Amino acid sequence: MTNKIKVIITNDQKEIKIPTGVRMLVRRCCNAVLVNENFTDSAEISVRFVNDEIIQELNRDYRNIDRSTDVLSFPLGENGEYDINHDTGAKILGDIVISMEHAVMQANLYGHSLQREIAFLTVHSMLHLLGYDHEVEGIERVRMREKEEAVLTQLGLKRNDSYYTEDN
């Protein structure tokens, strides 16, 4: 049985042009995370590109943090239990919201392509949708980073030598 992955992508910002191929890249990232995590069910994920203003509103409304950020994850499952789309039988994993303005800034900061940054944010957020949490210090954060890098390397998007610039 093959699992069907539906990734619904919307662009709700006008500041940054979405590069050609990014929608396919986002779908590949979502698929790769699910394969690596042995997620065998059909799944639905929503990915939304927004500007800093919209992500700041969401961050303030849902996390009580009144500033913009690069990505927000809104998991719809807990402990492996997910809502089901009754029309398709797919598990609804949740929503990923990416600030394109932040993605451009971080790609420049880390010296890699915008595609690499969007891929990283997508993979990172997918792991959150599957229950991973890096807010907890220690081993969980390390495991999450290792899983992110494994997926990105698989996709041919191995990271540069460092996430940090000389200034940090």
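Residues numbered from 1 in each chain as written. Predicted model: local features only at pLDDT ≥ 70, side-chain atom pairs only at ≥ 80, totals over all residues. Heavy atoms only, no water.

Q: Hey, could you run me through the nonpolar core in this one?
A: Nonpolar side chains in soluble globular proteins generally cluster together in the buried interior. Formed by 41 residues in total, the largest nonpolar core has its most connected members in Val26, Leu34, Ile45, Phe49, Leu93, Ile118 and Met126. When contributions to this core are tallied by element, the ones reaching two or more residues are β1 (5-11), α1 (22-36), β2 (43-50), β5 (91-99), α3 (100-110), α4 (114-129) and α5 (139-154). Looking at this core, the element that brings in the most residues is α4, giving 9 residues. If we ignore the near neighbours within four places in the chain, the residues touching isoleucine 118 are Val22, Val26, Phe49, Ile98, Met100 and Ala103. (Core = buried A, V, L, I, M, F, W, Y, C linked by side-chain atoms within 4.5 Å. Buried < 20%, exposed > 50% of the residue type's maximum accessible area, 1.4 Å probe, protein only. Helix = DSSP H or I, 4+ residues; strand = E, 2+ residues; numbered from the N terminus. Contact = heavy atoms within 4.5 Å.)

Q: Help me understand the side chain of glutamate 44 in this model?
A: Among the structural elements, glutamate 44 can be located in strand β2. Among the polar contacts made by the side chain of glutamate 44, one reaches the side chain of asparagine 85 at a distance of 2.6 Å. Once residues lying within four places of it in the same chain are set aside, the contact partners of glutamate 44 are Lys6, Ile8, Asn85, Thr88, Ala90, Lys91, Ile92, Leu93 and Gly94. (Polar contact = N/O pair within 3.5 Å; in protein donor to acceptor, adjacent residues only side chain to side chain.)

Q: Sorry if this is basic, but what is going on with α5 here?
A: Counting along an α-helix, one turn takes 3.6 residues, and residues three or four places apart therefore face a common direction. For α5, with 16 residues, the first-to-last C-alpha span of 22 Å sits near the 22 Å given by 1.5 Å per residue. Every buried residue belonging to α5 is among Met144, Glu148, Glu149, Val151 and Leu152, and all of these are buried. The arc that holds every buried residue of α5, seen down its axis, measures 165°, which confines them to one face. Every exposed residue of α5 that faces more than 90 degrees away from the buried side is listed here: Ile139, Glu146 and Gln154. Phi turns positive one or two residues past the end of α5, at glycine 156, with a value near 80°. (Expected span 1.5 Å × (residues − 1). Arc of directions from axis to C-beta.)

None of this, on its own, says anything about what the molecule does.
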